[in-house]
Amino acid sequence: MTGKYPVRTGVTDFIAPERANQPEKWNRNTILLPVSYQDRLAHSETTLAEAMKQSGYATFFAGKWHLGPEGFWPENQGFDINMGGIEQGGPYGGNKYFSPYGNPRLKDGPPGEHLPDRLAAETVKFMEANRDRPFLAYLAFYSVHTPLMARKDLEEKYRAKLQRIERAGPQFLPEGTRQIRQLQDHAVYAGMVEAMDLAAGKVLAALDRLRLNERTVVIFTSDNGGESSAGGAPTSNVPLRAGKGWLYEAAFGRR
């Protein structure tokens, strides 16, 4: 968001509400504790959105923010519109990935509405309203973060696929005291990935429909490799080693 390495902003670990992840609150059996770190992105930092606004861009944020408590949310950091960006790093309120969301920055939709599709729809709405001016649309899907929840139709699709394919080799192998997933055979996670892909496709299709595709830069990025040893260990990063939360190559690799 700032173009800086995390240590330059003082945010060197994930932000937890009420400083719950600060080293003084750890109860782990280890002498290797991190130093205390900032639990919010300081207002003194210049964000991408603030830089774009200075050049006349309309700015929009949707999805996962996770950069500080209220007062440090997207609307306080250069974004004109904030759809769903709060302190938490996952959709932990309400019915999680389905409406009602229990999110103070995202109005509930019809019961059962799916979060990735809703975030994409809000992004499209913003693009439609600003098609005749420069804009920054920052869509940070909560997917595929825990909790592991998929649309039932997509979950059933991949459970049926598992019955048709032959899985070779062990499902898990040890890495230290943990077990690392080796096979891509988690139907719920697969459904979450497809739903995110469909939502991204909705935004790209809107760019074509609005005839903005020739003058819009689209950037896809991911923050880390897939979770292969905790949180339900839903995905494999093979042939890379381990995954999210480790210091091996898969920590920074593909989802």
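Below: a short report on this structure.

Conventions used here
Residues numbered from 1 in each chain as written. Predicted model: local features only at pLDDT ≥ 70, side-chain atom pairs only at ≥ 80, totals over all residues. Heavy atoms only, no water. Helix = DSSP H or I, 4+ residues; strand = E, 2+ residues; numbered from the N terminus. Buried < 20%, exposed > 50% of the residue type's maximum accessible area, 1.4 Å probe, protein only. Contact = heavy atoms within 4.5 Å. Areas by Shrake-Rupley, 256 points an atom, 1.4 Å probe, with all protein chains shown as cover. Lys, Arg positive; Asp, Glu negative; His and termini not counted. Charge placed at Lys NZ, Arg CZ, Asp CG, Glu CD. 1 Å grid on protein atoms, 1.4 Å probe; cavity = no way out; pocket = protein on both sides within 12 Å on 5 of 7 lines; lining within 4 Å. Points joined across faces, edges and corners; volume = space filled by probe spheres on them. Nonpolar A, V, L, I, M, F, W, Y, C, P; charged D, E, K, R; others polar. Expected span 1.5 Å × (residues − 1). Phe/Tyr/Trp six-rings, centres within 6.5 Å; stacked < 30°, edge-to-face > 60°. Salt bridge = Lys/Arg side-chain N within 4 Å of Asp/Glu carboxyl O. Patch = residues over 30% accessible without salt bridge, like charges linked within 9 Å, V, L, I, M, F, W, Y side chains within 5 Å. Polar contact = N/O pair within 3.5 Å; in protein donor to acceptor, adjacent residues only side chain to side chain. Axes fitted to C-alpha atoms, helices over the stretch in contact; angles between N-to-C directions. Parallel < 35°, antiparallel > 145°, perpendicular 65-115°, else oblique. Left-handed = near helix turned anticlockwise from the far one by under 90°.

Examining the overall build of the protein chain
Thinking step 1. In terms of helices and strands, the protein chain carries five helices and five strands.
Thinking step 2. Order of helices (α) and strands (β) in the protein chain, N terminus to C terminus: α-α-β-β-α-β-α-β-β-α.
Thinking step 3. The proportion of buried residues among the 255 residues of the protein chain is 43%.
Thinking step 4. When contacts within the protein chain are restricted to residue pairs at least 6 apart in sequence, those whose partners lie at least 24 apart make up 58%.
Thinking step 5. Total accessible area on the protein chain is roughly 14,400 Å²; 53% of this is exposed by carbon and sulfur atoms.
Thinking step 6. Charged side chains of the protein chain number 32 positive and 29 negative; the gap between the two group centres comes to 1 Å.

Concerning the layout of surface pockets
Thinking step 1. For the second largest pocket, the calculated volume is near 230 Å³.
Thinking step 2. Taken together, 14 residues form the lining of the second largest pocket, with Y158, Q184, D185, H186 and A190 sitting closest to its centre.
Thinking step 3. Counting residues per element, the ones that place at least two in the lining of the second largest pocket are α4 (152–164) and α5 (187–209).
Thinking step 4. A breakdown of the residues in the lining of the second largest pocket according to their chemical character gives eight nonpolar, three polar and three charged.

Regarding helix α3 (residues 115–129)
Thinking step 1. A rise of 1.5 Å per residue sets the reference length of α3, with its 15 residues, at 21 Å; its end C-alpha atoms lie 21 Å apart and thus fit the reference within 8%.
Thinking step 2. Along α3, the residues classified as buried are L115, P116, R118, L119, A120, E122, T123, V124, F126 and M127.

A few points about the packing of aromatic side chains
Thinking step 1. Counted according to the given criterion, the structure contains eight aromatic pairs.
Thinking step 2. Relative to F126, the ring of F60 lies with its centre 4.8 Å away and its plane at 20°, an arrangement referred to as stacked. A residue pair is termed long-range when its members are at least 10 positions apart, and F60 in strand β1 (residues 58–63) and F126 in helix α3 qualify at 66 residues. Just as F60 is buried, F126 falls in that class too.
Thinking step 3. An angle of 65° between the planes, with centres 5.4 Å apart, marks the rings of F61 and F79 as edge-to-face. Linking F61 in strand β1 with F79 in the loop between β1 and β2 (81–83), this pair joins segments that are 18 residues apart in sequence.

Topic: the pattern of salt bridges
Thinking step 1. The final tally for this structure, using the stated rule, is 19 salt bridges.
Thinking step 2. Taking the shortest distance from any N to any O, the salt bridge between R105 and E75 comes out at 2.7 Å. Linking R105 in the loop between β2 and α3 with E75 in the loop between β1 and β2, this pair joins segments that are 30 residues apart in sequence.
Thinking step 3. Exposure remark for R105: the relative accessible area of 26% places this residue in the partly exposed category.
Thinking step 4. Between E194 and K157 there is a salt bridge whose closest N-O contact spans 2.9 Å.

Quick look at a nonpolar patch on the surface
Thinking step 1. Together, L204, V218 and F220 make up an exposed nonpolar region whose accessible area comes to about 280 Å².
Thinking step 2. Structurally, the position occupied by L204 is in helix α5.

Some remarks on the side chain of N130
Thinking step 1. With respect to the helices and strands, N130 occurs in the loop between α3 and β3 (135–140).
Thinking step 2. Assessed through its relative accessible area of 12%, N130 is described here as buried.
Thinking step 3. Excluding anything up to four places from it in sequence, N130 contacts A58 and F135.

Digging into the side chain of S229
Thinking step 1. Tracing the backbone shows S229 in the segment after α5.
Thinking step 2. Exposure remark for S229: the relative accessible area of 13% places this residue in the buried category.
Thinking step 3. Within polar-contact distance, the side chain of S229 engages the side chain of W246 at 2.9 Å.
Thinking step 4. Setting aside residues up to four positions removed in sequence, S229 forms contacts with R178, Q179, I180 and W246.

With respect to the packing of α4 against α5
Thinking step 1. In contact at an axis separation of 8 Å, α4 and α5 are set at 125° when each is read in the N-to-C sense. In terms of their interaxial angle, α4 and α5 are classed as oblique. When you trace α4 past α5, the crossing you get is right-handed. Touching L154, E155, K157, Y158, R159 and L162 of α4 are A187, V188, A190, G191, E194 and A195, all from α5.

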